[in-house]
Amino acid sequence: AGRKTLLIDADLRRPGMTQMLDLKGQAGLSQVLRDHRTIAESCQDNIFNLGQENLDVMPSGARPVNPSELLSTERFSDLIA
């Protein structure tokens, strides 16, 4: 449809999509959720383009100690919005 799409690997325990796309070890969602900068600023450093037009990817990032707590934050809701 020609629309831009952001694919987010939000499985912070076992990030299968991140591995499948060979982005293991990259920054990503967990960094965005812990960052003190604005969401827009943080996303600039944590979104990757893999060469597909209109498709960007945010890998899961470093495995956090508290994945369920990070995903239940208001910051995650703001990111999705």
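For clarity, every value in this text was computed on a predicted model and none was experimentally measured.

*Asks:* Please provide a residue-by-residue account of the pairing of strand β3 (residues 55–58), values included.
*Replies:* Where strand β1 (residues 5–8) and β3 come together, four bridges link them in parallel fashion. Opposite L7, over in β3, you have V57 as the bridge partner.

*Asks:* Requested: an account of the pattern of salt bridges, with residues and values cited.
*Replies:* This model, assessed by the stated rule, comprises three salt bridges. Residues D56 and K4 are paired through a salt bridge, measuring 3.6 Å at the closest nitrogen-oxygen approach. Residue D56 is located in strand β3, and its partner K4 is located in the segment before β1; the two are separated by 52 residues in the primary sequence. The exposure class of D56 is buried, given its relative accessible area of 17%. With a shortest N-O distance of 2.9 Å, R37 and D35 are connected by a salt bridge. One salt-bridge network, in which partners are shared between bridges, spans D35, R37 and D45.

*Asks:* With reference to specific residues and values, describe the nonpolar core.
*Replies:* Judged by nonpolar contacts, L12, L29, V32, L33, I39, C43, M58, L70, F76 and L79 together constitute the single largest core of ten residues. Among the elements of the structure, α2 (29–34), α3 (39–46) and α5 (74–80) are those that each provide at least two residues to this core. Those residues in contact with L70, other than ones at most four positions away along the chain, are L12, S30, L33, R34, P64 and F76.

*Asks:* Could you give me a rundown of the sheet that holds strand β2 (residues 48–49), with the residues and numbers involved?
*Replies:* Reading across the sheet, the three strands line up as β1-β3-β2 and stay open at both edges, with mixed pairing between neighbours. In the strand order of this sheet, the two ends are held by β1 and β2, each with one partner. In the sheet, β2 pairs with β3 via two bridges, with the strands oriented antiparallel. Note on β3: the bridge partner recorded for N49 is D56.

Conventions used here
Residues numbered from 1 in each chain as written. Predicted model: local features only at pLDDT ≥ 70, side-chain atom pairs only at ≥ 80, totals over all residues. Heavy atoms only, no water. Pairing = 2+ DSSP bridges. Helix = DSSP H or I, 4+ residues; strand = E, 2+ residues; numbered from the N terminus. Salt bridge = Lys/Arg side-chain N within 4 Å of Asp/Glu carboxyl O. Buried < 20%, exposed > 50% of the residue type's maximum accessible area, 1.4 Å probe, protein only. Core = buried A, V, L, I, M, F, W, Y, C linked by side-chain atoms within 4.5 Å. Contact = heavy atoms within 4.5 Å.

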